[in-house]
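Residue-level listing of the chains:
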Number of protein chains: 2
Amino acid sequence: MSIAPSQTALSGLQDHIRAIPLENIANIAKDAFTNKEILPLWFGEGDIKTPDFIGQAITSAMQEGKGFYSHQNGIPELRQALVDYLGKLNAKPITMDRITVTSGGMPAIMLAVQATVGRGDNVVIIDPVWPNITGVVRLMGAETRSVRMDLGDDGWTLDVEKVAAACDSRTKAIFFASPGNPTGAVLPVPVQKQLLELSRKTGIWIFSDEVYSRMSYEMPMVPSFSDIAEPEDRVIIINSFSKSWSMTGSRLGWLIHPPSLEATLAMMVQYTSSGTTTYLQYGGVAALQQGEDFVKFMTNYCREGMEIVCGALEDIPRVILRRRPTAAMYAFFEIDGMADSKQACLDILRSSNVGLAPGYFFGKGSESFLRICYCRSPEQLNIAMERLKKALK
Amino acid sequence: MSIAPSQTALSGLQDHIRAIPLENIANIAKDAFTNKEILPLWFGEGDIKTPDFIGQAITSAMQEGKGFYSHQNGIPELRQALVDYLGKLNAKPITMDRITVTSGGMPAIMLAVQATVGRGDNVVIIDPVWPNITGVVRLMGAETRSVRMDLGDDGWTLDVEKVAAACDSRTKAIFFASPGNPTGAVLPVPVQKQLLELSRKTGIWIFSDEVYSRMSYEMPMVPSFSDIAEPEDRVIIINSFSKSWSMTGSRLGWLIHPPSLEATLAMMVQYTSSGTTTYLQYGGVAALQQGEDFVKFMTNYCREGMEIVCGALEDIPRVILRRRPTAAMYAFFEIDGMADSKQACLDILRSSNVGLAPGYFFGKGSESFLRICYCRSPEQLNIAMERLKKALK
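Conventions used here
- Counting restarts for each chain: residues are numbered from 1 in the order of the written sequence.
- Lettering of chains starts at A and numbering of ligands starts at 1, both following the order in which they are written.
- The model is predicted, so local features are restricted to residues of pLDDT at least 70 and side-chain atom pairs to those at 80 or more, both for listing and for counting; the totals for chains, interfaces and linings are taken over all residues.
- To get the side-chain values, all heavy atoms of the structure are used, and hydrogens and water are removed first.
- UniProt positions are given in the numbering used here, feature names are shortened, and annotations may be inferred rather than shown by experiment.
- Note on contacts: a residue pair is in contact if any heavy atoms of the two residues lie within 4.5 Å.
- Accessible surface is computed with a 1.4 Å probe, and the buried area is the amount of it that two parts give up when combined, taken over both parts together.
- Each salt bridge in this description consists of a side-chain nitrogen of Lys or Arg and a carboxyl oxygen of Asp or Glu lying within 4 Å of one another.
- Polar contact is the term for a pair of N or O atoms within 3.5 Å; when the atoms are in protein, one must be able to donate a hydrogen and the other to accept it, and sequence-neighboring residues count only if both atoms are side-chain atoms.
- Pairs of strands are assigned from DSSP output, requiring at least two bridges between the strands.
- In this description a helix means any DSSP run of H or I spanning at least four residues, a strand means any run of E spanning at least two, and both kinds are numbered starting from the N terminus.
- Only C-alpha atoms enter the line fits that serve as axes; for helices the fit covers just the stretch in contact. Angles between N-to-C directions range over 0 to 180 degrees.
- Each domain span listed reflects an automatic or database assignment of domains.
- Using a 1.4 Å probe on the protein chains alone, a residue whose accessible area is under 20% of its type maximum counts as buried, one over 50% counts as exposed, and one in between counts as partly exposed.

Under the annotation held in an unreviewed UniProt entry, chain A carries the name Aminotransferase and is attributed to Paremcibacter congregatus. Here is the UniProt Cofactor (unreviewed entry) comment for chain A, exactly as written: "pyridoxal 5'-phosphate". For the record of chain A, the UniProt heading Sequence similarities (unreviewed entry) holds the text "Belongs to the class-I pyridoxal-phosphate-dependent aminotransferase family."

Dropping the structure here:
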């Protein structure tokens, strides 16, 4: 083989990597990092700075010289703080050998997928869903299969029969988020139990994304999969400091996994990241130990945002919003007569300087939807909704 | 399929993941994080804290609210600072579209491997080499092939004929580090040119690990592969802030890549890490813009450490050290009559509380070697060498 002079180096990448679409929310939104006129409601990110007590814990750790390599599963202080934190919220205690600290929710998902899913395999994904899970499965050369939740007057519900029907002998995992992004939908315990039964019968992994679990407007924490699973069930729970502690740019998360995976995950952390920023992990300890008031503030901030946004949406005749979300930070709504959500987003961005995420990013069948993140100040949300009302007249 | 009740969840991982040895320097050295009696010379890490001006830049950025999601290829300020920094050191300018910021050198390597190497492929690795590259290739389900450098009175040299002979139609990349870890060996420009010719002829990628490039005792920077390659050559250069700026625990690095890969790497960053800690990247800007004195201090500190360690090693009759290293932070030496370097490391650790890394981690043929990291205070190194002299009597 010899390279033709006209070829770029891109031709040297693996075929399945080159086949992954490059478009995502972050690159549609590229200009938003600099254009201050745009109200950026497209990301899963609010406008609240990381609280000072977390920043101070990070700074102190840095000043104390906690800037060297550290444990691959996370510093013992943070793993212990997670054991204590989860012990207060969960029905069943989680032991330290089941916790691995990661550089955010995305690396947590990548580790789970990389450990279990290879080329030719598939992952069943419950959607509408955050697009990144599809991306990471495709990075492994594997296939994604979509099972769409049903939208009725009670909101989004999941039929586990449909999940079972989508699985085959190459299905390695079922992925879902509860509360969902973009739906805010919470999987009830009986549905979780059906999924666990399916996993036990088939050996298929459960990847439970619980990043929004503290952001329920109805309870302190939505039901965690860890409350029904046994330690050695094939269940991996993904969580992150990004949302409830406003640490999106920090990159800090954790996995709850079977204890038998502890050493393998340490090895995988070593070869993918060499561990999570050491001093940052002390910020995680502070977040867990001193952050309950902040977590409640964030949830309440989102609930208030939800009321402003959903109230306004309900006033726009073309908007279809079946039910107000009860958790997370998004409204996911349809616009009557709008089939191309990408074009709609670009139009709204151009005419109104409001950044929304197009529905087709969240799975097939969501092309007529838009996602708005309402974790923003009432002032900004009111302005955004005024602009939207005009744009969607 | 149904899971036997006796099985742990570990059996649900991919076969090639379970086949990767769990042993590495970090887990042999596990106790060292807490046992203060041990002189930990096994890691690729010194005892110098991250300099305050970098910590202050990180803290300021945090306080200014730079804690939100940011650009997938890195913040423009850091990419520009890298363009400026590299422009001063390299013969050819590097444009911003060729730079992607990563959460350390290891994620940089993982991105390069993940983009180009799949199951059934192989990577030719020039050793003795840092063991993590082998780990990341195996994570992808691919094979590693070793080409050992020759050790003579002139130190370690590479015969590119041997590299060419090790390549076949499934070879996707050739990996080497210059300066080498653990050898400190620098690849001369004519050898680099032969490797580039091989890449151009075969389409095989070059992964050039230049993490120690500023740590030469003979020149301001060892020759970079970017000085001989054209932008669209299949060349990816890996670098990191860990060593020259003493930022091991921070996790910050960068890639130099063909411009045609910029968008694909952004996509891959999104799905593997969602980007590098935002405020940390401002620390990288400070390191580049204000860090030249510190870089020189670190190199000099290592040179002094090298003199202490190599001087002492040369006094131990059983030790064979052909030539003092001229770069990086390691001495890699043989012990006459010692065949099992792991046992020797454990014995030395037990008898002397000195942590060394066993040679077999660095490739076949290195079983009779030990690696010592000399990026430590003269006081500590003198104590360590006194202990070693006794242990190796």
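(A) Spatial organisation of the interface of chain B and chain A. Between chain B and chain A, the contact holds 86 residues from the first and 86 residues from the second. Surface buried jointly by chain B and chain A totals about 7100 Å² across both partners, of which 59% is contributed by carbon and sulfur atoms. Of all residues in chain B, Phe68(B), Tyr69(B) and Tyr271(B) give up the largest surface area on contact with chain A, accounting jointly for 12% of the area buried on that side. In this structure, the connection of chain B to chain A is made through 0 salt bridges. For the pair chain B and chain A, the number of links is 33 residue pairs in polar contact (both at pLDDT 80 or more).

(B) View of the sheet that holds strand E11 (residues 319-320) of chain A. Residues and elements named next belong to chain A. Read from one edge of the open sheet, 4 strands run E11-E12-E15-E14, paired in antiparallel fashion. The open sheet terminates on both sides in strands that have one partner only, identified here as E11 and strand E14 (357-358). Where strand E12 (residues 330-335) and strand E15 (residues 369-373) come together, 5 bridges link them in antiparallel fashion. The residue of E15 that forms the bridge with Phe332 is Arg371. Sitting on the sheet, helix H11 (residues 292-314) is in contact with E11, E12 and E15, with an inclination near 10 degrees to E12.

(C) Structural view of the domain arrangement of chain A. Residue and element names in this part refer to chain A. Along its sequence, chain A is carved into domain 1 (9-50 + 293-391) and domain 2 (67-290). Distance between the C-alpha centres of domain 1 and domain 2: 23 Å. Taken together, the contact between domain 1 and domain 2 spans 37 residues of the former and 37 residues of the latter. Contact between domain 1 and domain 2 buries roughly 3100 Å² in total, counting both sides, with carbon and sulfur atoms accounting for 58%. Per-residue buried area on domain 1 facing domain 2 is highest for Val295, Arg322 and Thr326; these three make up 18% of the total on that side. Joining domain 1 to domain 2, the criterion identifies 1 salt bridge. We note a salt bridge from Arg322 to Asp153, for which the minimum N-O separation is 3.9 Å. The interface formed by domain 1 and domain 2 holds 20 residue pairs in polar contact (both at pLDDT 80 or more) in total.

(D) Representation of the pairing of strand E9 (residues 235-240) of chain B within the structure. Residues and elements named next belong to chain B. In terms of burial, E9 is a largely internal element, 6 of the 6 residues being buried. Burial of E9 is two-sided: the residues Val235, Ile237 and Asn239 facing one way and the residues Ile236, Ile238 and Ser240 facing the other way are all buried. Where strand E8 (residues 205-209) lies against E9, 4 bridges are found, and the strand directions are parallel. Opposite Ile206, over in E9, you have Val235 as the bridge partner. As paired elements, E9 and strand E10 (residues 253-256) share 4 bridges and run antiparallel to each other. Within E10, the position partnered with Ile238 by the bridge is Leu255.

(E) Looking closely at the environment of Phe241(B). Residue and element names in this part refer to chain B. By secondary structure assignment, the location of Phe241 is in the loop between E9 and E10. Given a relative accessible area of 0%, Phe241 falls into the buried group. With sequence-adjacent residues up to four places away left out, Phe241 is seen in contact with Leu78, Ser246, Met247, Leu252, Gly253, Trp254, Gly284, Ala287 and Leu288.

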